[in-house]
Amino acid sequence: MEKIPTQQVDTKPQKVVVNLYAKSERIYVRAYKGIYRNLRNYMAWVLLLIYYVTPWLTWDDRQAILFDLPARQFHILSLTFWPQDFALLSGLLILFTFILFFVTVFAGRAWCGYACFQTVWTYFFMWAEEFAEGSRNARTKLDKQSMSVTKFRKKFVKHTLWSAISVATAITFVGYFTPITDLLNKFSTFEFGPWESWWLLFFTVATYLNSGYMREQVCKYMCPYARFQSVMFDPNTLIITYDEARGEPRGKGSRKQSTSDDLGDCVDCNVCVAVCPVGIDIRDGLQYECISCAACIDGCNEVMERLGKPKGLVRYATENVLEGQSYHLLRSRFIGYGLAVLVISAFIGAQLLTRVPIEVDLIRDRQTLFHDLGDGVIENTYHLKVSNKSQETITISVALNDVVDYKYIGQQRLLIAPNATIEQMLRIQIHTDNLISPKTDITFDVKSINDKSIRMEQESRFLAPAEQVL
Ligand code: SF4
Ligand code: SF4
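A short tour of the structure in this document, coming up. Within each chain, residue numbers correspond to sequence positions counted from 1 in written order. Starting at A for chains and at 1 for ligands, labels are handed out in the order in which the entities are written. Per-residue local features are limited, in this predicted model, to residues with pLDDT of at least 70; the limit for side-chain atom pairs, both in listing and counting, is 80 or more; totals at the level of whole chains, interfaces and linings are taken over all residues.

Description of the overall build of the protein chain
Across its full length, the protein chain carries 17 helices and 16 strands. Note that the radius of gyration is over C-alpha atoms, with the globule rule given as 2.2 Å times the number of residues to the power 0.38. Whereas a compact globule of 470 residues would reach a radius of gyration of roughly 23 Å, the protein chain reaches 33 Å, over 25% beyond that. Once the C-alpha set of the protein chain is aligned to its principal axes, its extents read approximately 120 × 75 × 45 Å. Counting other C-beta atoms within 10 Å of each residue's C-beta, where C-beta atoms are placed from the backbone, gives the exposure class: buried for 20 or more, exposed for 12 or fewer, partly exposed between. When burial is assessed residue by residue, the protein chain has 24% of its 470 residues classed as buried. Of all intrachain contacts in the protein chain linking residues separated by at least 6 positions in sequence, the fraction that spans at least 24 positions is 68%. Only DSSP runs of H or I covering at least 4 residues are called helices, and only runs of E covering at least 2 are called strands; the numbering of each starts at the N terminus. A pair of residues counts as a contact when their C-beta atoms, built from backbone coordinates, are separated by no more than 7 Å.

Some words on the sheet that holds strand E4 (residues 73-76)
In short, DSSP must find at least two bridges between two strands for them to pair. The strand order across the open sheet built from three strands is E3-E4-E5, with neighbouring strands paired in antiparallel fashion. In this open sheet, the two strands that pair with only one neighbour each are strand E3 (65-68) and strand E5 (79-81). Each adjacent strand pair in this sheet contributes to an overall mean axis angle of 15°, direction not counted. Sheet topology places E4 next to E5; three bridges connect them, and they run antiparallel. The partner of Ile76 across the bridge, within E5, is Leu79. As a rule, the C-alpha atoms of each element are fitted with a line to give its axis, helices using only the stretch in contact, and angles between N-to-C directions run from 0 to 180 degrees.

Description of the site of ligand 2
Near ligand 2, the surroundings consist of 15 residues, among which Cys266, Cys269, Val271, Cys272 and Cys300 are the closest. Within the residue set of the shell around ligand 2, elements represented by two or more residues are helix H13 (271-274) and helix H14 (295-307). Residues are grouped as follows: Ala, Val, Leu, Ile, Met, Phe, Trp, Tyr, Cys and Pro are nonpolar; Asp, Glu, Lys and Arg are charged; all remaining types, including Gly, are polar. Taken together, the residues of the shell around ligand 2 break down into 10 nonpolar, three polar and two charged. Should the C-beta atom of a residue, placed from the backbone, lie within 6 Å of a molecule or strand, that residue is near it.

Here we look at helix H6 (residues 149-175)
Each turn of an α-helix holds 3.6 residues, which means side chains three or four residues apart point in the same direction. Here H6 spans 38 Å end to end across 27 residues, near enough to the 39 Å set by a 1.5 Å rise per residue. If you check which residues of H6 are buried, you get Lys158, Trp162, Ile165, Ser166, Thr169, Ala170, Ile171, Val174 and Gly175. Buried residues along H6 sit in contact with helix H4 (117-133), helix H7 (180-189) and helix H8 (194-214). Each helix should span, by expectation, one fewer than its residue count multiplied by 1.5 Å.

Things to note about the site of ligand 1
In the region of ligand 1, 14 residues are neighbours, and Cys276, Cys290, Cys293, Ala295 and Cys296 sit closest. A breakdown of the residues in the shell around ligand 1 according to their chemical character gives 13 nonpolar, one polar and no charged.

Considerations on the environment of Arg331
Looking at where Arg331 falls in the secondary structure, it is placed in the loop between helix H15 (319-322) and helix H16 (332-353). Overall, the presence of 13 C-beta atoms within 10 Å leaves Arg331 in the partly exposed class. For the pair formed by Arg331 and Ala417, sequence separation is 86 residues and the distance between their alpha carbons is 52 Å. Filtering out sequence-adjacent residues up to four positions away, Arg331 remains in contact with Asp234 and Asn236.

Digging into the sheet that holds strand E13 (residues 413-416)
Read across the sheet, four strands follow the order E13-E11-E15-E16 without closing on themselves; strand pairing throughout is antiparallel. The open sheet has two free edges, formed respectively by E13 and strand E16 (455-463), since each of these has just one partner strand. Direction aside, neighbouring strands of the sheet carry axes that sit 25° apart on average. Alignment of strand E11 (residues 394-401) against strand E15 (residues 439-448), held across six bridges, turns out to be antiparallel. Paired with Val398 across the strands is Val446, a residue of E15.

Observations concerning the packing of helix H1 (residues 35-53) against H4
Their axes nearest at 10 Å, the elements H1 and H4 cross at an angle of 105°. In terms of orientation, H1 lies roughly perpendicular with respect to H4. Residues Ala44, Leu47 and Leu48 of H1 touch H4, and the partners they reach there are Val120, Tyr123 and Phe124. Class assignment for the residues of the contact of H1 with H4 results in six nonpolar, no polar and no charged. Convention used here: angles under 35 degrees read as roughly parallel, angles over 145 as roughly antiparallel, angles from 65 to 115 as roughly perpendicular, and any remaining angle as oblique.

Just geometry here; none of it tells us what the structure is for.
What follows is the structure in structure tokens.
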């Protein structure tokens, strides 16, 4: 009987060498036109304008947005947040996070593609690069050339522009934490303090390197959002996709040829790859590197238009739509994140509306429980601290609630300047006839004498010798 040859299967594990430290190739992004490019450009200019102009706005004779760390006060328009408002600031951060999740469930990584600082500044730097060195082909050629006067001039212009943007970005950023007019005055004389010098240097270098050189590396390897974004995606999330059914089999050639050859609409021109700022091929499917900038949509639409084919070979679509199923906007994840945004917004709004612009801190003197002044009079000492978180001077009065007869030794009316804190030691004397217990709960009533809505109560205790009260 003839022996049937058996196929030899190599069961040994194959050795695959991955060089984790391989030098990444520089990406030369090709210029293109299109609706999403325009949208991103408008968005970028608006965001850049907001970023650079905001520290120059004033409110009540002070910088409108100022995070004054030495004074531990955050000024945002008419509001001043103190360390005691930390919960409110945390709430704001949580709200932004949920808004990001909400947008991601609906539109994928729209934040990354249109509004992230890294994307906005990278495109800003790419604009400067193209202005100085020319188109993609010209830049590729220039980098291969040996140094010449022309190359030096072009590189000099590019690096000067990059440096100017980086310095302006750093000054503006530090200007959110130090009054920007003071900062610029110091800039002319180079009289910065150590912290200002450090942060100016840090942000100048970080902007220059991140936006000039590292670019997509930041998104790929440093940004945690790229890693967990897929958790928020579902089959109805808008993603940028290549229509494989329409595009394949891809092949080089004109419209006429592709029809006769039974080829798909993709002419394998690689434009979608050439315009991609992270250097990936969208035809390989959704990849975590994709920042949803839609450059490949614009690039491919240009090609389709030239070939007289319908646009949208690369387009925004959902997994469900690509599989011929219907699109559902209202699904549990979308509703859940939306509700979370509404609830947190309502909570923060309520906190802001009911926020009292004074902060009261009252502590009993722990050194001495009480002083027996004789004739049944007992004295307790307290440390009172009142902060004025508003932009106006407030006059407050301090009194005791629920105690009929007492003597207050200390200033009962206090004038507090805007954003200032005053402290005082005060003494309360009460006759034992007016006490029902050696540990009597008392309430300090701290209120503005001009504005009834500004009022806070602080609970404490009045201690007396048990043998005199019982
Ligand atoms: S694949 Fe397309 S959307 Fe994704 S990063 Fe590249 S160009 Fe932008
Ligand atoms: S730009 Fe469009 S046609 Fe050209 S390779 Fe990409 S998908 Fe194919």
